[in-house]
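# Descriptive analysis of the structure
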Amino acid sequence: MSNRILQETVYTSEAKLRTPFKLLICMFKDLISSRELAWRLFVRDISTKYRQTALGYFWAVFPPLMQSLVFILLDSSQMLAMEETGIPYTAYVIMGTVFFGLFTDAMNAPLKLINASKTMLVKINFPREALILAAIGETLFSFGIKLVLLFITLIVFRVPIKPAGLFAFIPLAGLLIMGIMIGVLLVPAGALFHDLTYALVLVNTALMFSTPVGFPPPKEGLLSLVIQYNPLTPMIMAARELLIKGTSSYMTGMALIMSLSLVLLFIGWMIFRLALPIVIERMGG
Amino acid sequence: MEENALVKVEGVSKKFCRKLKRSLWYGLKDLTGEIVCLRNSEPVLRPEEFWSLKDVSFAVKRGEMLGLIGQNGAGKSTLLKLLHGLINPDSGKITMRGRVQALIELGAGFSPILTGRENVYINASILGISKKQIDQTLPHIIEFAGIEDFMDTPVQNYSSGMKARLGFSVITQLDPDVLLIDEVLAVGDTAFQEKCMRRMDVLRKSNKAIIFVTHSLYQVEALCDKALWLEKGRIVQYGEASDIVRDYLDNQERRAMSESQAEGVTYEGRITTATRAYFTAMDSEKNTVDSAKHGNDSLFPKQGKSPSPDPHNTSDLLEIIKVELVDAEENVCSEFPFLSDITVRIYYYAKRRIDRPLFNLRFLNKDRSIFEASMLIDGYGPDWVEGQGMVECEIPKLPLTPKVYNILLFVRSSEGIADLTTMRTVANFRITDEHIEQVPLLGPMAVNHLRQGSPVYIPRTWRFYNGECPKPIKTIEVGYES
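Okay, so let's go over this structure. Just so it is clear, the model here is predicted, and its values are computed rather than measured. (Residues numbered from 1 in each chain as written. Chains lettered and ligands numbered in written order. Predicted model: local features only at pLDDT ≥ 70, side-chain atom pairs only at ≥ 80, totals over all residues. Heavy atoms only, no water.)

### Some words on the overall build of chain A
Within chain A, the regular secondary structure consists of 11 helices and one strand. Taken from the N to the C terminus, the helices and strands of chain A come in the order β-α-α-α-α-α-α-α-α-α-α-α. With 285 residues in all, chain A has 51% of them scored as buried. Restricting the contact set of chain A to residue pairs at least 6 apart, pairs at least 24 apart contribute 79%. For chain A, the accessible surface area stands at approximately 13800 Å², while carbon and sulfur atoms represent 71% of it. (Helix = DSSP H or I, 4+ residues; strand = E, 2+ residues; numbered from the N terminus. Buried < 20%, exposed > 50% of the residue type's maximum accessible area, 1.4 Å probe, protein only. Contact = heavy atoms within 4.5 Å. Areas by Shrake-Rupley, 256 points an atom, 1.4 Å probe, with all protein chains shown as cover.)

### What to know about the overall build of chain B
The helix and strand tally for chain B stands at 11 helices and 19 strands. Put simply, chain B has 482 residues, and 50% of those count as buried. Within chain B, residue pairs in contact and separated by at least 24 positions form 73% of the contacts whose partners lie at least 6 positions apart. Summing over all exposed atoms, chain B offers an accessible surface of approximately 22900 Å²; the carbon and sulfur share of this is 50%.

### A word on the packing of helix H3 (residues 58-76) of chain A against helix H4 (residues 89-116) of chain A
All names here are of chain A. At their nearest, the axes of H3 and H4 sit 9 Å apart, and the two run at 140 degrees to each other. For the element pair H3 / H4, the angle class is oblique. In the crossing of H3 with H4, the sense of the turn from one axis to the other is right-handed. Between H3 and H4, the contacting residues are Pro64, Leu65, Gln67, Ser68, Phe71, Ile72 and Asp75 on the first element and Tyr89, Thr90, Val93, Ile94, Thr97 and Val98 on the second. (Axes fitted to C-alpha atoms, helices over the stretch in contact; angles between N-to-C directions. Parallel < 35°, antiparallel > 145°, perpendicular 65-115°, else oblique. Left-handed = near helix turned anticlockwise from the far one by under 90°.)

### Focus: the packing of aromatic side chains
Applying the stated criterion across every chain yields a total of 25 aromatic pairs over all chains. Seen in terms of ring centroids, phenylalanine 363 of chain B and phenylalanine 371 of chain B are 4.4 Å apart; in terms of plane orientation they differ by 10 degrees. Their pairing is stacked. Residue classification places phenylalanine 363 of chain B among the buried positions, given a relative accessible area of 0%. Ring pairing ties together the aromatic residues Trp39, Phe42, Tyr50, Tyr57 and Phe141 of chain A, which thus form one cluster. Sitting above the plane of the tyrosine 92 of chain A ring, arginine 240 of chain A keeps its charged end 3.8 Å from the centroid. (Phe/Tyr/Trp six-rings, centres within 6.5 Å; stacked < 30°, edge-to-face > 60°. Lys NZ or Arg CZ within 6 Å of the ring centre and 35° of its normal.)

### Some points on the sheet that holds strand E10 (residues 318-326) of chain B
All names here are of chain B. Spatially, three strands are ordered E10-E12-E15 in an open sheet, and the strand pairing comes out antiparallel. The open sheet has two edge strands, E10 and strand E15 (384-395), and neither has a second partner. Strand after strand, the sheet turns through a mean of 15 degrees between neighbouring axes, direction not considered. Across 11 bridges, the pairing between strand E12 (residues 342-355) and E15 is antiparallel. Residue pairing for E15: threonine 343 is matched across the bridge by glutamate 394. (Pairing = 2+ DSSP bridges.)

### Comments concerning the nonpolar core
Of all hydrophobic cores here, the largest spans 168 residues; its most connected members are Phe99 of chain A together with Phe58, Leu83 and Ile211 of chain B. If you tally residues by element for this core, the top one is H4 of chain A, at 17 residues. Setting aside residues no more than four positions away along its own chain, leucine 83 of chain B makes contact with Tyr11 of chain A together with Val7, Val9, Phe58, Ile94, Met96, Leu180 and Ile211 of chain B. Core analysis: the next-biggest nonpolar cluster, separate from the first, contains 40 residues, Ile320, Ile342, Val385 and Leu409 of chain B among them. (Core = buried A, V, L, I, M, F, W, Y, C linked by side-chain atoms within 4.5 Å.)

### A closer look at the side chain of serine 52 of chain B
On the secondary structure map, serine 52 of chain B appears in strand E2 (residues 49-61). In this view, serine 52 of chain B contacts Lys14, Lys15, Phe16, Ala74, Gly75, Thr78 and Gly233 of chain B; residues no more than four positions away in its chain are not counted.

### Overview of a negative patch on the surface
There is a patch of like negative charges on the surface, built from Asp225, Glu240, Asp243 and Asp247 of chain B. With respect to the helices and strands, aspartate 225 of chain B occurs in the loop between helix H7 (217-223) and strand E8 (226-231). (Patch = residues over 30% accessible without salt bridge, like charges linked within 9 Å, V, L, I, M, F, W, Y side chains within 5 Å. Salt bridge = Lys/Arg side-chain N within 4 Å of Asp/Glu carboxyl O. Lys, Arg positive; Asp, Glu negative; His and termini not counted. Charge placed at Lys NZ, Arg CZ, Asp CG, Glu CD.)

### Re unusual backbone geometry
Residues and elements named next belong to chain B. With phi around 50 degrees, aspartate 55 is a residue other than glycine that occupies positive phi space. Mapped onto the secondary structure, aspartate 55 falls in strand E2. Among the residues examined, aspartate 55 registers a relative accessible area of 47% and is labelled partly exposed. For asparagine 207, which is not glycine, the phi torsion reads 65 degrees and is therefore positive. Looking at where asparagine 207 falls in the secondary structure, it is placed in the loop between helix H6 (190-204) and strand E7 (209-213).

### Some remarks on the interface of chain A and chain B
Tallying the contact residues gives 48 residues for chain A and 57 residues for chain B. Interface area for chain A against chain B, summed over the two sides, is near 4700 Å², with a carbon-plus-sulfur share of 60%. Counting every contact that joins chain A to chain B gives four salt bridges. Its salt-bridge partner being aspartate 30 of chain B, residue arginine 282 of chain A comes within 3.1 Å of it at the nearest N-O pair. Taken together, the links from chain A to chain B amount to 13 residue pairs in polar contact (both at pLDDT 80 or more). Contributing elements (two or more residues each) for the side of chain A that touches chain B: strand E1 (8-12), helix H2 (35-51), helix H5 (118-121), helix H7 (169-192) and helix H11 (251-283) of chain A. Of the residues that constitute the side of chain A that touches chain B, the class distribution is 23 nonpolar, 12 polar and 13 charged. Across five bridges, E1 of chain A lies against strand E4 (residues 91-97) of chain B in antiparallel orientation. Paired with glutamate 8 of chain A across the strands is arginine 97 of chain B, a residue of E4 of chain B. (Buried area = accessible area lost by both parts, 1.4 Å probe. Polar contact = N/O pair within 3.5 Å; in protein donor to acceptor, adjacent residues only side chain to side chain. Nonpolar A, V, L, I, M, F, W, Y, C, P; charged D, E, K, R; others polar.)

### A look at helix H8 (residues 195-209) of chain A
All names here are of chain A. Under the 1.5 Å per step criterion, the end-to-end length of H8 is 22 Å for 15 residues, consistent within 8% with the ideal 21 Å. Taken together, the buried positions of H8 are Leu200, Asn204, Leu207 and Met208. On the buried face of H8, the contacting elements are H3, H4, H7 and helix H10 (232-244). (Expected span 1.5 Å × (residues − 1).)

Structural data, given as structure tokens:
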């Protein structure tokens, strides 16, 4: 037993980025070894979330429904002077809020899970990647429930879906990646200062109105400028157009932003790893 | 030896910040430094920072168990976190070889509304135990926890003891090369603790390197090979467990001793109705004497020029000037070797003639009375005392174990009811473990038990009989060697 080769782990004060190759190996090794734990945490959080509720999964579709209702009310009183959407407005709005919900869920999940796992983090050394994987899993799960709502809506309003609509999964993956990327980047500062948790609630609302969620992108005005440069715009629009029309005019923007998000996600992951020991030290416990 | 070490700690230091806001700010700065590779590794304290650990070095080999001891805030838990890789050292180097697991948090990741069974899998997964292994050992886990009937009940309905039992049972499945244990054994009822200790014993013999934080010095003496004594982040001593435990206890007692000396009088005097009656009687006698000029009063003769006693200040009557403890060589001291002769000397001043005062010395350890040298039992001293004098009480071979003791003094009137002095602590002393070898110390917790157990040591004889055999198969006589 003692003659097997033992793995050696060394801890020093030296910045880990000085040995980037070693850091990369560790990152991927931990990512692979974290799968089982990620699955457990995912199952735990999903069952905990819905077991002690009377309405159960309804709570996953409640936020997009409420947001849609706001837009529908605004529209019905002619407060939004908007262009023709091509499909019944209700279906258009629900599609927007469901897609947007995927992004905000993804953005909020990592920090939420890190803060909820505080006691575990300060006591046990498990692959931290598991928390991010679990966050992705939870986001996808709640998106799955929202998709059911979306399909029911589409059927009710008789919106035809093209086979090419399947490609909408690409911009949707983009939304997920973007959300997780931002969420992971927020973890170090957010775990130290809770200001970010409070700020995120406001950011969600502000983002919703500067993204074409409940209306098509306007052609003029200050808002049109904001929406034009909002990286979420091409994602949401591409997803919606692909689903309805089978093609989209936002493909280039989408591809660009998606690749940028992937790069940033990787950097965020690296920072996340470097940050955790420092964050844990300040978390106490 | 260094080659076999599974845990090697070389000059490790770690700083912490006292203030939360500043600490968070430093955290952000450290993080930036880490990302741009400019984290200054030179160990300098910033404002409000202190060394939680400073220049700590040691090594633990396979098959060795190291106990970490020290008061709260000594840096034990910080050290464990560093070894576990949860936080990075600020300087120095830690090398861990093999699989490292920690028994630090019981029931990590338990979700209150999930059942015990579900939580076992979650907890195990967090600790790095695979599902396959848990599938195989689930019956053992349930059996060890002893809560078969509650496995499908939500954990929120468990008592805290049950939660801890379940958590510990999962932890028993760990099989690492290096095991870190932080004071988790003090959970559950006595029977479960017993189980845990047995499990610890098995672990100890299973050829791992174990590092063990505890406040129970008994556990350190009984289980650990070596011990590391930390204080304010620095190593005070590092070596054989029993030696360290002995020195640590000695230090604690010394501290307790100086604290009790600083406190001074710990017992308030109490004026009983009996005392009041006594003084009133004396006053009326005096008045009678004064007015009638009688000279044949036995209690207060004419020449007794006594000031009118204040019933609220009983020490007026008999003043205790000082109390001394002396050893066999007549040296005044406050530390005595085990089983030595001790003499208590009480210097007093009686402001007027007092008939047959009864002196009482009560010996206490941690406010618990152990024995009394009392004239209330032994009987009278001189017929009367007046003016300056001294009473001596010699106790040969005081059979008290190494600890800190207090002596409480009170003096009663001849019929034993009224207090003539305020009851108060007049001295404290310490029995050291010098000459402790006069009694056999062969048990596994001898040092601890003698120090922390009961305060009196009495010679005894053990006899063992087998079956119906009328003759003992073994006789152990335990007593003092003279």
